Amino acid sequence: MKAARPQPAPPTNATQRITQHAELLSAQLRSMRDAMFPPTAQKSLRSFSSGEVARIVGVSDGYLRQLSLDGLGPVPTLSSGGRRSYTLGQMNELRTFLSQHRPKEALAFVPRRRAGEKLQVLAVANFKGGSAKTTTSLYLAQYLALQGYRVLAIDLDPQASLSAMFGYQPEFDIGANETLYGAIRYDDERRPLREVIRPTYFEGIHLVPGNLELMEFEHETPRAMMRGDRGRDIFFRRVSGVIAEVEADYDIVVIDCPPQLGFLTVGALNAATALLVTIHPQMVDVASMSQFLLMTADLMSVVEDAGGKLDLDFVRYVVTRHDPNDVPEAQIVALLRGLFREDVLAATAWKSTAIANAGLTKQSLYELDRGAVGRAAYDRALESVNAVNAEVESLVQGAWGR
Ligand SMILES: Nc1ncnc2c1ncn2[C@@H]1O[C@H](COP(=O)(O)OP(=O)(O)OP(=O)(O)O)[C@@H](O)[C@H]1O
Ligand SMILES: [Mg+2]
């Protein structure tokens, strides 16, 4: 018979009970994490088949095969069945090679921003919980990195779901002063943003992770305002101020905002060059979005009165977790399009168990192999998120005047 586990002393009051639950859950999460991602095993990105690479980079598979036969460009890995595959790093080498080989199309192969094109900061926000902000931020960041952009993902949510998707468990892997808070705090512990940026296993994406300490900014800001912090130091300029420190290193910043309209979100909006409001097309969510928009407008006018700006190249509503066969949802999407017109992205991210299931193992569809979830489901889901991401990409390019 198995020995009974030692039972913790029974809690005597609610606080003790909650503390005990927190400890139990934390221990459980740690052991699940250790089982899934042993400390020695780093999360890594799969390689991409030549068909996928051809599609993503924008050349034909035949041309790609010919290049590799001619010994030009990166050398793909050859499987025993003769299939060629490339890492994301090799995909980027291929882009550089193609831009030199076919200079007329250089911009299509290496889309990074040029002199005169300003850093794009895309804030993904809505205070409605579960409107797929994190999923939208993750897929967008990965899509953009696959296209060859240099992306900085910022996790502004104390719950740190985005960091977790990148394989960083907020309670164990992210220490004190290792989130954006470290770079925007008001006291002497403040450090340069560069010091809290981490690489990720997904080439082309760097991450500013989050954890609970981000909440400190919400608590400290009222005190700083009482002390009279002004000018550059005023709370809403802190996020934009630190992003400016690393501007030269990136093309696009994606900020996953927390599900509330606090000082962090206002800082993100002030830093943003574009706002993506995610919306799950259900009546309760639409009603809460109306509150979100009213509060955002109110807050931003307070910020503007204090000398801030909301200087957005575009604002778009992104319909997420959308079931196109659901009649009430279709009516809500029609209502949104009727009201906001072209400010609602034409593409919608379809509800998909493939996306939800991939999320459970902290992966996106871009990371999974097509065979892992069933081809039809994978293709359908990926097609819808790719369409959303491609639309955002073309808006970014529009903002660059391309
Ligand atoms: N297209 C989709 N199809 C199916 N499930 C989805 C889809 N997009 C997101 N989800 C799932 O919905 C849940 C909520 O998504 P997500 O965490 O991205 O929302 P959020 O707005 O960031 O939430 P929060 O407000 O808590 O930060 C997650 O379990 C996610 O896997
Ligand atoms: Mg989230």
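Keep in mind that this is a model prediction, so the values were computed, not measured.

**A short note on the nonpolar core**
No. 1: By size, the foremost hydrophobic cluster in this structure holds 61 residues, and its most contacted members are Phe-166, Phe-202 and Leu-365.
No. 2: Per-domain counts for this core show at least three residues from each of domain 1 (48–109) and domain 2 (120–399).
No. 3: In this view, Phe-166 contacts Lys-43, Leu-138, Gln-142, Thr-200, Tyr-201, Phe-202, Ile-205 and Leu-207; residues no more than four positions away in its chain are not counted.
No. 4: Grouped together as the second largest cluster of nonpolar side chains are 51 residues, Ala-125, Ala-224, Phe-236 and Val-239 included.

**Topic: the site of ligand 1**
No. 1: Taken together, 16 residues lie near ligand 1, and Lys-133, Thr-134, Thr-135, Trp-350 and Ser-352 sit nearest.
No. 2: Here an oxygen atom of ligand 1 and a backbone polar atom of Gly-130 are 3.0 Å apart.
No. 3: A distance of 3.5 Å separates an oxygen atom of ligand 1 from a polar side-chain atom of Asp-157.
No. 4: Here ligand 1 has 630 Å² of accessible area as a free molecule, and 76% of this is covered by the chains.
No. 5: Elements supplying a minimum of two residues to the shell around ligand 1: helix H6 (133–146) and helix H15 (353–360).
No. 6: Grouping the constituent residues of the shell around ligand 1 by class yields 5 nonpolar, 6 polar and 5 charged.

**A closer look at the pairing of strand S10 (residues 314–319)**
No. 1: With 5 of its 6 residues buried, S10 lies for the most part within the structure.
No. 2: Relative to S10, strand S9 (residues 274–279) runs parallel, the two sharing 6 bridges. Bridging across to S10, Ile-279 finds its partner in Val-319.

**Here's the deal with the pattern of salt bridges**
It is possible for side chains of opposite charge to pair when their charged atoms get near one another.
No. 1: By the definition in use, this model includes 12 salt bridges.
No. 2: Across the pair Asp-251 and Arg-150 runs a salt bridge whose closest N-O atoms are separated by 2.8 Å. Placement of Asp-251 in the loop between helix H11 (238–245) and strand S8 (252–256) and of Arg-150 in the loop between H6 and strand S5 (151–155) is noted, with a sequence separation of 101 residues between them.
No. 3: For Arg-150, a relative accessible area of 21% corresponds to the partly exposed category.

**Quick look at a nonpolar patch on the surface**
No. 1: A cluster of nonpolar side chains, Leu-25, Leu-29 and Met-32, forms an exposed patch at the surface whose accessible area comes to about 260 Å².
No. 2: In this fold, Leu-29 is placed in helix H1 (residues 14–36).

**Points about the packing of aromatic side chains**
No. 1: Taken as a whole and judged by the stated rule, the model has 9 aromatic pairs.
No. 2: On the basis of an interplanar angle of 10° and a centroid distance of 5.5 Å, the ring pair of Tyr-186 and Phe-217 is categorised as stacked. On the criterion of sequence distance, the pair formed by Tyr-186 in the loop between helix H9 (180–184) and strand S6 (198–199) and Phe-217 in helix H10 (residues 215–227) is long-range, its members being 31 residues apart. Here the two residues Tyr-186 and Phe-217 agree in accessibility, since each one is buried.
No. 3: Among the aromatic residues, ring-to-ring pairing joins Phe-166, Tyr-201 and Phe-202 into one connected group.
No. 4: One residue, Arg-102, lies across the ring of Tyr-63, its end atom 4.8 Å from the ring centre.
No. 5: Directly above the aromatic system of Tyr-168 lies the positively charged group of Arg-198, at a separation of 4.8 Å from the ring centroid.

**Notes on helix H13 (residues 283–305)**
No. 1: With 23 residues, H13 should cover 33 Å at 1.5 Å per step; its first-to-last C-alpha distance of 33 Å lies within 8% of that length.
No. 2: For H13, the secondary structure elements touched by its buried residues are strand S4 (120–125), helix H12 (263–271), S9, S10 and helix H14 (327–340).
No. 3: Downstream of H13 by a residue or two, Gly-307 has a phi angle that is positive, lying close to 95°.

**A look at the sheet that holds strand S2 (residues 77–78)**
No. 1: Across the sheet, 3 strands lie side by side as S1-S3-S2; this open sheet has antiparallel pairing. Edge strands, defined here as strands with exactly one partner in the open sheet, are strand S1 (48–49) and S2.
No. 2: As paired elements, S2 and strand S3 (residues 84–86) share 2 bridges and run antiparallel to each other. Its bridge partner lying in S3, Thr-77 is registered against Ser-85.

**Notes on the pairing of strand S7 (residues 205–208)**
No. 1: Pairing between S5 and S7: 4 bridges, direction parallel. In the sheet register, Ile-154 faces S7, and the bridge partner there is Val-208.
No. 2: As judged from the 2 bridges shared by S6 and S7, these two strands associate in the antiparallel manner. Its bridge partner lying in S7, Pro-199 is registered against His-206.
No. 3: In sequence, S6 turns back onto S7 through a hairpin of 5 residues, with Gly-204 there showing a positive phi of about 95°.

**Topic: the domain arrangement of the protein chain**
No. 1: The domain boundaries assigned to the protein chain delineate domain 1 (48–109) and domain 2 (120–399).
No. 2: Computed over C-alpha atoms only, the centres of domain 1 and domain 2 are separated by 31 Å.
No. 3: Contacts between the two partners involve 8 residues from domain 1 and, on the opposite side, 8 residues from domain 2.
No. 4: For the pair domain 1 and domain 2, the summed buried area comes to about 620 Å², and 53% of that belongs to carbon and sulfur atoms.
No. 5: Joining domain 1 to domain 2, the criterion identifies 0 salt bridges.

Rules behind the numbers
- Residues numbered from 1 in each chain as written.
- Chains lettered and ligands numbered in written order.
- Predicted model: local features only at pLDDT ≥ 70, side-chain atom pairs only at ≥ 80, totals over all residues.
- Heavy atoms only, no water.
- Core = buried A, V, L, I, M, F, W, Y, C linked by side-chain atoms within 4.5 Å.
- Buried < 20%, exposed > 50% of the residue type's maximum accessible area, 1.4 Å probe, protein only.
- Domains from an automatic or database assignment.
- Contact = heavy atoms within 4.5 Å.
- Near = heavy atom within 4 Å.
- Polar contact = N/O pair within 3.5 Å; in protein donor to acceptor, adjacent residues only side chain to side chain.
- Areas by Shrake-Rupley, 256 points an atom, 1.4 Å probe, with all protein chains shown as cover.
- Helix = DSSP H or I, 4+ residues; strand = E, 2+ residues; numbered from the N terminus.
- Nonpolar A, V, L, I, M, F, W, Y, C, P; charged D, E, K, R; others polar.
- Pairing = 2+ DSSP bridges.
- Salt bridge = Lys/Arg side-chain N within 4 Å of Asp/Glu carboxyl O.
- Patch = residues over 30% accessible without salt bridge, like charges linked within 9 Å, V, L, I, M, F, W, Y side chains within 5 Å.
- Phe/Tyr/Trp six-rings, centres within 6.5 Å; stacked < 30°, edge-to-face > 60°.
- Lys NZ or Arg CZ within 6 Å of the ring centre and 35° of its normal.
- Expected span 1.5 Å × (residues − 1).
- Buried area = accessible area lost by both parts, 1.4 Å probe.

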